[in-house]
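Observations on the three-dimensional arrangement
Given next are the chains, with one letter for each unit.
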Amino acid sequence: MVNAVRGTKDILPSEIPLWYFVEKTLHNVSNLFGFKEIRTPIFERTEVFLRSIGSETDIVNKEMYTFLDRGGDSITLRPEMTASVVRAIIQNNLLAENSILRLWYYGPLFRYERPQKGRLRQFHQYGAELIGSPEPEADVEIILLAKEIVERLGILNYKLLLNSIGNRTSRQRYKQELISYFEKYANSLSNDSQERLRKNPLRILDSKDERDLEIIKNCPKIYDYFDKESLEHYNKTKELLALNNIEFLETPHLVRGLDYYTHTVFEFQSPILGAQDSFGGGGRYNELFTEFGFKKEVPATGFALGIERILLILESQQKTLPNSSPLVYIAFNKPEFISKVFETAYFLRKHDIPTLFDVQKKSLKAQMKEANKYGVKFVIILGDDEINNNTITIKDMKKSEQTTYPFEKGIEIIQNSKSANEDN
Ligand code: HAM
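Keep in mind that what you see is a predicted model, and the values were worked out from it rather than measured. (Residues numbered from 1 in each chain as written. Predicted model: local features only at pLDDT ≥ 70, side-chain atom pairs only at ≥ 80, totals over all residues. Heavy atoms only, no water.)

**Structural notes on the overall build of the protein**
Just so we agree on the cut-off: The numbering of helices and of strands both runs from the N terminus, where a helix is a DSSP run of H or I of at least 4 residues and a strand a run of E of at least 2. Based on C-alpha atoms, the radius of gyration is set beside the globule rule, defined as 2.2 Å times the residue count to the power 0.38. Burial classes: relative accessible area under 20% of the type maximum marks a residue as buried, over 50% as exposed, and values in between as partly exposed (1.4 Å probe, protein chains only). Contacts are assigned to residue pairs with any non-hydrogen atoms lying within 4.5 Å of each other. Only the protein chains shown count as cover for residues, with accessible areas throughout obtained via the Shrake-Rupley method and a probe of 1.4 Å. Only four residue types enter the charge count, namely Lys and Arg as positive and Asp and Glu as negative; His and the chain termini do not. Charged groups are reduced to one reference atom each: NZ for lysine, CZ for arginine, CG for aspartic acid, CD for glutamic acid.
For the protein, the helix and strand inventory stands at 15 helices and 16 strands. Its C-alpha radius of gyration of 28 Å places the protein more than 25% over the 22 Å reference for a compact globule of 424 residues. On the principal axes, the C-alpha backbone points of the protein span a range of 90 × 50 × 45 Å. Within the protein, the fraction of its 424 residues that count as buried is 50%. For the protein, the proportion of contacts with a sequence separation of at least 24, taken over those separated by at least 6, is 69%. In the form shown here, the protein has an accessible surface area of approximately 22,100 Å², with 48% of it arising from carbon and sulfur atoms. Taking the average place of the 57 positive charges on the side chains of the protein and the average place of its 59 negative ones, the gap between the two points comes to 3 Å.

The structure is reproduced here in structure tokens:
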């Protein structure tokens, strides 16, 4: 037996209704906010991610699926989508016609992480990017979009964590302070954090190690190093969130795992998820376009939601949706009636009536059993009498009643029952 690769998952038919529910909600809310979908390739030149995510991040250091293709180019399966979207905007000159872009995307991503609950090597994200505005209004609009999705999905007991990491100048000053502070405790820090101290000190703040947490507790706060621009942006963002009655937890240690952020960062967390408690996150990234060599700065802000983590939450809330069953099963008692079966199925399907029939030459009894298993509303029975008289017998499975009608009349009855169903 050859099994699926560790950290990947089959999405089985029984799970699909919940996926559809989530996907439909994402489509509807994106539309409500005027966002348009963009689809980029699943793999990119490795450089796209090296330039954007940050050379000292976990993603770039340990998690990318990178390989040389047959032409010798270094290719990476996308570990996130913001970089791909920025690459696509620049390449397709999308900013030439619009000074602002509202884009959303959905699809699989790949990170070589240690699999555990809510952490996969292939997972899915929905994300949205609002590109072209430096204003806090744009950050808040993005948070409103994320929150509307979260609420419509019915996610309970979640928390919205908010922070700002300021602009580059502020962050640089803060980084120096952090290094001086943590250096005093270097020997007491976890091995990972000692490494981060050399490479990416801000990431120490994200540590979950008990020893680190003790030291982090009293470390300098980023807000004390903000310049005027950083402070104004952050204060205005908080003010606008309050204006919209959005509850958030100010979290000075929230730094996120990608290096492209500036100013606002945020995360959605749920206690149901355990160690991997973040089911979405994002923030502002004013410098990413120039990192890609774009001629001018393009301020932008966005977020992504982890679909598998959202599904874990919904499942734990006992959210279930029935798998839709076909409406009609055609049962017939002689193989030679198959041409009438095909004709009837063709006719019903042309009228948008989901229909199926036996393709294994089962007995009539076994066919009825199968129809029952599928949970169809009607079984059409084609027996000798029906074939000879051009009639159909319709069995209403719920009422357990059956009636014979002229062929056209029977079809009409099924059609009417379908539209009555749709009206409800
Ligand atoms: P991220 O925080 O790396 O942000 O990922 C967003 C979400 O994807 C996480 O909150 C989590 O729910 C989900 N996720 C991440 N890794 C895994 C995994 N291994 N297994 C399952 N789910 C996972 C980004 O990717 C940014 N591009 C978000 C963004 C958009 N920032 C600005 N615009």
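Past the structure itself, the notes keep going.
**Side note on the sheet that holds strand β2 (residues 43-45)**
Each strand in a sheet pairs with its neighbour through backbone hydrogen bonds, running either in the same direction (parallel) or in the opposite one (antiparallel). Here is the rule we go by: Whether two strands pair comes down to DSSP finding at least two bridges between them. A fitted line through C-alpha atoms serves as each axis, taken over the contacting stretch for helices, and the angle formed by two N-to-C directions is quoted from 0 to 180°.
The antiparallel open sheet is built from 3 strands, whose spatial order is β2-β4-β3. For this open sheet the edge positions go to β2 and β3 (65-68), each flanked by a neighbour on one side alone. Here the strands of the sheet are splayed against their neighbours by 30° on average, with no regard to which way each runs. Note: β2 against strand β4 (residues 74-77), 3 bridges, orientation antiparallel. Across the sheet, F43 pairs through a bridge with L77, a residue of β4. Sheet contacts for helix α2 (residues 46-53): β2, β3 and β4; angle to β2, the most-contacted strand, approximately 75°.

**Comments concerning the pattern of salt bridges**
What counts here: Here a salt bridge means any side-chain nitrogen of Lys or Arg lying within 4 Å of a carboxyl oxygen belonging to Asp or Glu.
Considering all chains together, one arrives at 25 salt bridges under this definition. The partner of R45 in a salt bridge is D73, and the shortest N-O contact between them spans 3.9 Å. Residue R45 is located in strand β2, and its partner D73 is located in the loop between β3 and β4; the two are separated by 28 residues in the primary sequence. Note that E267 is salt-bridged to R256, the shortest N-O span being 3.1 Å. Within this pair, whereas E267 is found in strand β9 (residues 264-269), its partner R256 is found in the loop between β8 (249-250) and β9, the two being separated by 11 residues in sequence. Overall, the relative accessible area of 12% leaves R256 in the buried class. Overlapping salt bridges bring together R168, E287 and E291 as one network.

**A few points about the packing of aromatic side chains**
How we decide: Note on aromatic pairs: the rings of Phe, Tyr and Trp (six-membered ring only in Trp) are paired at centre separations within 6.5 Å, and the planes decide the class, stacked below 30 degrees, edge-to-face beyond 60, tilted for the rest.
Counting across every chain of the model gives 18 aromatic pairs. When the ring of F266 is compared with that of F268, the centres are 6.2 Å apart and the planes differ by 90°; the resulting orientation is edge-to-face. A residue is classified by how much of its surface remains accessible, and F268, at 0% relative accessible area, is buried. Seen in terms of ring centroids, F268 and F279 are 5.9 Å apart; in terms of plane orientation they differ by 40°. Their pairing is tilted. Here the residue F268 occupies a position in strand β9, and F279 occupies one in strand β10 (residues 278-284), the gap between them amounting to 11 residues.

**Some details on the nonpolar core**
Basically, it comes down to this: The nonpolar core is taken to be a set of buried Ala, Val, Leu, Ile, Met, Phe, Trp, Tyr and Cys residues, with the residues joined through side-chain atoms within 4.5 Å. Reported domain spans reflect what an automatic or database domain assignment gives.
Grouped together as the largest cluster of nonpolar side chains are 94 residues, with contacts concentrated most on Y126, I131, F182 and F279. Each of domain 1 (16-167 + 227-316) and domain 2 (170-219) accounts for three or more of the residues forming this core. The next biggest cluster of nonpolar side chains, apart from the first, holds 18 residues, and it includes A345, I353, F357 and L382.

**Notes on the pairing of strand β12 (residues 328-332)**
For a regular strand, side chains alternate in direction, first toward one face of the sheet and then toward the other. Judged by how many residues are buried, β12 sits mostly within the fold: 5 of 5 residues are covered. Alternating positions in β12 separate into two faces, V328, I330 and F332 on one and Y329 and A331 on the other, with burial throughout. Sheet analysis places β12 next to strand β13 (residues 355-357), joined by 3 bridges and oriented parallel. By the bridge assignment for β13, Y329 is matched with L356. Sheet topology note: the β12/strand β14 (residues 378-382) ladder contains 5 bridges and is parallel. Each residue of the ladder has a partner; that of Y329, found in β14, is V379.

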